Amino acid sequence: MDVTLSVRRFDPEAERPAPYFQEYQLELDDSAMLLDGLIKIREEIDGTLALRCSCRSAICGSCAMRVNGRARLACNTKIADVATADNGAVVVEPAGNMEVLKDLVTDFGPFWEKVRAVEPWLQPEGPEPEQEYLAPNEDMLHLAGVMSCIMCGACVSDCTVLAVDPNFLGPAALAKAYRFVGDPRDDADAHRLGDLNEYGGVWDCTRCMQCVEVCPKGVDPMERIMSLRDKAMEAGHTKSYGARHAEALTASVEHHGRVDEAKLPILSKGRFNVVEQLRMVPLGVRALLAGKMPPLFPKKNPGQESVRRIFEKVEKRQ
Amino acid sequence: MYDHDILVIGAGLAGMRAALAARQNGVDVALVSKVHPVRSHSNAAQGGINAALTERGDPWEDHAFDTIKGSDYLADQDAVEVMCQEAGQEIIAMEHMGVIFNRDEEGRLGTRAFGGQRQARTFFVADFTGQALLHVLYEQILKADVRTYEEWMVLSLIVEGGECCGAVGMDLKTGEVHVIRAKAVIMAAGGLGRVFEPSTNALICTGDGMALAYRVGGPLMDMEMVQYHPTTLKSNGALMSEGARGEGAYLINSEGERFMERYAPHMMELASRDVVSRAEQTEINEGRGVNECVFLDCRHLGEQVINERLSQISELARDFANLDMAREPVPVRPGMHYQMGGIKSDVDGVTPVPGLYAVGEVACVSVHGGNRLGANSLLDTLVFGRRSGQHASDRVKKRAHAPITDSAADGDLETIREMLDRDGTELFGGIRVEMGRTMNRNLAVFRDQEGMETALRELRGLADRFRRVKVADKGKIFNTNLVFTLELGFMLDCAEAIALSAIERKESRGAHYRVDIPERDDEAWLKHILVSRGPEGPEIDHLPVVITQWEPQARTY
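All values reported here derive from a predicted model rather than from experimental measurement.

> I keep staring at the overall build of chain B and nothing clicks. Help me out?
Within chain B, the regular secondary structure consists of 17 helices and 19 strands. For chain B, whose C-alpha radius of gyration is 22 Å, the value lies close to the compact-globule estimate of 24 Å for 557 residues. Referenced to the eigenvectors of the C-alpha coordinate spread, the extents of chain B come out at roughly 65 × 50 × 50 Å. Within chain B, the proportion of its 557 residues that are buried is 64%. Of the contacts formed within chain B by residues at least 6 apart in sequence, a portion of 75% connects residues at least 24 apart.

And the structure:
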């Protein structure tokens, strides 16, 4: 199989450091992985190409990078699956949302700082048992789904929130936080959930699903973030904008059979939060002038009763 | 120059366990690793970790005997006793730190069967036990706030007045070279798998630690004992856990026969790894393989067992062999997996070089002897990692730093300068592949005098060519080209030690099977072989094997 790898290079020691694309023509087995191609380049063609890689089995998490614009592990990406362009070219770039140090090597410093920020260690209370903690196997199997995270950073690379707000803890660190909140042996839920409820925490996720789609290990970070939101609200953290938004949206659908878009922001910010309410006035005026103001008294949804019945059923089941 | 009481080289399970124990003992300890700790190769251990829990009716002596029999009686029995006696407490300690071991119906730790053992005593987290342990130990390292020099490559050990007192390291992010001074150095840099091509090992497993110790006079022991794992994928050498056979998977040949019946009628697929690998290779050599492979058949295990307990290897089969393990048998073959030998050390990690400790795969305690049992390597890293951390921290409390300065790095700076300045003609990739292939051809499952001598001759030719390797990248920041060249130098040292030890052992034992001398010879060869670097080149020595209560017997499964 003939392929062209178009690799984004960056030499920080160049006179005027600037990224550029370099094309490499390779002849590879049909079953070759992208990593095989990159190793062939650095061993046989161009020794100056820098990348991180180690296990070749999708367990060490070293080789996350963007392939045709999406984060993937080079080691378990078959070239044949991504060489889709007419000329068989594959575009290889460093992971996103991180500073590039050289070629495909990015700075993981902020990534690890955020992991550290969630206090990622078990915090049990009371004396340790003499033998193991007793725990249901289902709980352990459930946690295994999160523990299989290899910290490759693919989710962070493609997170759309991090692209605009570097303060967000991000999907990897939050999934790690979930691993402790969901652990029956950990007794620090109260302060963990309190911290995660702050700016940069669970409510900053926009549910864009990118992290779920690019995760090479099926960790499903977004689902973990949603579980953390539920647990935070169950634990009484209902005053944040995010929590109020979730409650207002649910209540609106339950009572009107649809989202009452005019009231939603008012309820989310807090009915008596006058400062925040006033801040929204210019937005309201602009929406009005553009003819985009949602109706203040929305029409009755003919399916309203059916929607309410769905709510009753779900509540009964819980 | 940086100063620490203890410097641990390598941040896999052994290194982090050592650092944690030292930290808990109140000394200043630092880790140095050429990759971030969670990228370490301990990750790749899949199947589990052994421990005989006496209160469950599994006396540690049974585990010890299985280990010793598995080692083909080359393991030192006093060391095996320590490892097996302390196994249970180590598992419980890891569970308390947060490892999510699989449980039984009562919520207690569950076990699975593993090769070479008469009891199901392997504790596990699905089929990513190594990763589960590694990430938890890293959490503890964060909690204990241990200084970690991440992505620093160690270039040499510093020995002053006969004592190891630090290391020279290169920060890959800047290319700067620094001296790290320490009152004790714990080597925990892992194995040397990449000396062979193919290998199940990660690309970082280049024998750095063994070569570093060898270069300052540390003897390498049992280096001829190279484990070939019975179930690796042909395409890229990836490992398919022994856990699959532990859960009941079969090995079948091209005729659909469970051939292990003819080689190990009692233990079948769960005989020791050397035995199973030889059986597979015999089947393949005698024409009952398909494309140089036999088959790992998991079809009868059912999707639930595969999804809950073998999820990772099911992904590997899908990604690297294009197969659905639940529906099709997977072609597998023996592949280089583990180095039983290493830096000669004892049950506290103490080596013959004062101030230098060695633990984990880089070390040879020796608890694995001629063949390691599956799920004993994780145990080895944790038990001896902890013990070395404790021992070293006691040692350094009464000691001062050696009077060394930044000039200790001069030799390494000169080596690097020469590599970058030379007008090289050879590509390191070519030399690496040729080295790996000659090792895999001549020092694999079946060996003979002629092949081993061929390998040694070819290795010496490659060592000459290595001196002419071209380093194309002249930069300082993340010069991986330079890193690989330095690693190739380490690998060539290790490869030579393997070939020399193998030629020396004139019998068949464990993983060292010579078709020209197929019998074990306890009379002459119940002893360890050591290779050291002398003034004139490698020197060979022997040490008796420690026998406590298990006299060597014929080994059948």
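> What's the story with the nonpolar core in this structure? I'm lost.
Taken as a class, soluble globular proteins show a tendency for nonpolar side chains to be buried jointly. Residue and element names in this part refer to chain B. By size, the foremost hydrophobic cluster in this structure holds 269 residues, and its most contacted members are I9, V185, I186 and M187. Element by element, the count of residues in this core is highest for helix 16 (residues 480-504), at 15 residues. Apart from residues lying up to four places away in sequence, I9 is in contact with V32, V154, A167, V185, I186, M187, A188, A189 and G209.

> Any chance you could explain the domain arrangement of chain B here in plain terms?
Where interface size is given, it is often the accessible area lost as the parts come together that is meant. Residue and element names in this part refer to chain B. Taken domain by domain, chain B consists of domain 1 (2-48 + 82-111 + 122-225 + 338-363 + 373-402), domain 2 (234-334) and domain 3 (407-522). Across the boundary between the two partners, domain 2 contributes 5 residues, which contact 5 residues of domain 3. The element contributing the most residues to the side of domain 2 that touches domain 3 is helix 9 (residues 273-285), with 4 residues. The class makeup of the residues in the side of domain 2 that touches domain 3 is 1 nonpolar, 2 polar and 2 charged.

> Before we go on, may I ask you to explain the sheet that holds strand 5 (residues 122-123) of chain B in this structure?
Two orientations exist for strands paired in a sheet by backbone hydrogen bonds: parallel and antiparallel. Overall, antiparallel pairing links the 3 strands, which are arranged 3-5-4 (chain B) in an open sheet. The strands lining the two open edges of the sheet, one partner per strand, are strand 3 (49-50) and strand 4 (111-112) of chain B.

> Any chance you could explain the domain arrangement of chain A here in plain terms?
All names here are of chain A. Structurally, chain A comprises domain 1 (2-106), domain 2 (109-234) and domain 3 (241-317). For domain 1 and domain 2, the distance between their C-alpha centroids amounts to 29 Å. Every contact between the two is made by 15 residues of domain 1 and, on the other side, 14 residues of domain 2. For the side of domain 1 that touches domain 2, the secondary structure elements donating two or more residues are strand 3 (64-67) and strand 4 (70-73). If one sorts the elements of the side of domain 1 that touches domain 2 by residue count, strand 4 sits on top with 4 residues. Classifying every residue of the side of domain 1 that touches domain 2 by side-chain character gives 8 nonpolar, 4 polar and 3 charged.

> Would you take a moment to explain the environment of V8 of chain B for this structure?
Residue and element names in this part refer to chain B. You can see V8 is positioned in strand 1 (residues 2-9). Among the residues examined, V8 registers 34 C-beta atoms within 10 Å and is labelled buried. Separated by 10 residues in sequence, V8 and A18 place their C-alpha atoms 7.6 Å apart.

What counts and what doesn't
- Residues numbered from 1 in each chain as written.
- Chains lettered and ligands numbered in written order.
- Predicted model: local features only at pLDDT ≥ 70, side-chain atom pairs only at ≥ 80, totals over all residues.
- Helix = DSSP H or I, 4+ residues; strand = E, 2+ residues; numbered from the N terminus.
- Rg over C-alpha atoms; globule rule 2.2 N^0.38 Å.
- Buried ≥ 20, exposed ≤ 12 C-beta atoms within 10 Å, placed from the backbone.
- Contact = placed C-beta atoms within 7 Å.
- Core = buried A, V, L, I, M, F, W, Y, C linked by C-beta atoms within 7 Å.
- Domains from an automatic or database assignment.
- Nonpolar A, V, L, I, M, F, W, Y, C, P; charged D, E, K, R; others polar.
- Pairing = 2+ DSSP bridges.

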